[in-house]
Structure formats: C-alpha cells, structure tokens
Amino acid sequence: HGNVLIWEVYTMKKLILAAACLALSATTASATLYSCSVQEQGSRSGWVPPTVLVAVRDDGVVFVSDPIGAAIAGEPAEAAVLNDSGQSLSVRWQVRGALSATNQYAHFFYTAIIDKNRGSIRVRAKPKGYSNQFNGTGRCQVGEIPS
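Quick notes on the rules
- Residues numbered from 1 in each chain as written.
- Predicted model: local features only at pLDDT ≥ 70, side-chain atom pairs only at ≥ 80, totals over all residues.
- Heavy atoms only, no water.
- Core = buried A, V, L, I, M, F, W, Y, C linked by side-chain atoms within 4.5 Å.
- Buried < 20%, exposed > 50% of the residue type's maximum accessible area, 1.4 Å probe, protein only.
- Helix = DSSP H or I, 4+ residues; strand = E, 2+ residues; numbered from the N terminus.
- Contact = heavy atoms within 4.5 Å.
- Pairing = 2+ DSSP bridges.
- Disulfide = S-S within 2.5 Å.

Undergrad: Just to check I follow, could you spell out the nonpolar core for this structure?
TA: The nonpolar side chains of a soluble globular protein tend to be buried with one another. The biggest cluster of nonpolar side chains holds 28 residues, and the ones touching the most others in it are V52, V54, W93, Y110 and I121. Broken down by secondary-structure element, the contributors of at least two residues to this core are strand 1 (31-40), strand 2 (51-57), strand 3 (62-65), strand 4 (77-84), strand 5 (88-99), strand 6 (105-115), strand 7 (120-127) and strand 8 (134-145). Sequence-distant contacts of I121, defined by excluding residues within four places in its chain, comprise C36, S37, V38, V52, A112, I113, I114, G136, T137, G138, R139 and C140.

Here you go:
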C-alpha cells in the first residue's frame, strides 16, 4: 500500500503541474476548465483516470490532463474535438507508452463525453490493437482559466 500511496502523491503533483501547464497554454485566450472526478466501471483495470481536466480555449483548442498521461508524458495532451454543442462536449486524446503490470507497452485512445447540463462525464479507454475497452463515469465542475 505504501508504494501505491507514493505513486498517487507523485501523480497528483504531476497533475497539478499539468493543470498549471493548461493555464499557461491558455495565455492567448481564456479557457473553460472542466475538472472531473471519474469512477471506473466494472472490473478495475487502472486504465481509467480518476481525474480528468479538460481546458477548452476560446479559440477552440482543447487540452486534456489526467494522471495517467501526466505520469507518462509530463504535460497535457492536445485533444481532438469530436463534438461541441450547447449540451455536450466530446473529446479524444492519446497516451502512448503506458506500461501494464505485465510489462507490456500500450497505446491508449481516450474519449470523454461531458454532459454540460448535468455536469457529468463518461470516459472510455481503448488500447490500440485490442478489442477490450475500459469505462468510467463521474461528475465535473466548471470553471474558467482567464487570459
């Protein structure tokens, strides 16, 4: 349990640093920040991040930070916007170089769908080249990163 706690503290520090990077990346425009807590559904794989931060800049550029990506890449990932309407926001990002407990490298595609009216999120993690996927749901708080 000690190693897990150390990893969680280290990961949270990286996530806080990534949130600061999100703010810096938004210096040319203000950004809406969705801060989401996620619970993995079904059997726990560890591939669904417990926290997802989504920054949507006024110019349409979106960055995502999560503890898995932050631990591997050390910086937020630029996300592709799949849908952005008054009701929902869907984004997709990638995490390359994830290492499983059995020392297999994986390339993950993540999709998050935020219901803006309900303040909820659904997250899907899909490893490239594999048929399985991992899902989570949670709640989001909305804030703003000023320019």
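Right, picking up where we left off after that structure.
Undergrad: Which parts of the structure should I look at to understand the pairing of strand 1?
TA: One face of the sheet, then the other: side chains in a regular strand alternate in exactly this way. As paired strands, strand 1 and strand 2 are joined by seven bridges and run antiparallel to one another. Across the sheet, residue Y34 finds its bridge partner in strand 2, namely V54. Pairing between strand 1 and strand 8: ten bridges, direction antiparallel. Bridged to E40 within strand 8 is G136.

Undergrad: Before we go on, may I ask you to explain the state of the cysteines in this structure?
TA: Disulfide: a covalent bond connecting the sulfur atoms of a pair of cysteines. Applying the stated rule across the entire model yields one disulfide. Between C36 and C140 runs a disulfide, and the two sulfur atoms are separated by 2.0 Å. Here the S-S torsion is close to 105°, and the disulfide linking C36 with C140 is therefore right-handed. Of the two residues, C36 is situated in strand 1 and C140 in strand 8; the sequence distance between them amounts to 104 residues. Here C140 falls in the buried class, since its relative accessible area comes to 12%.

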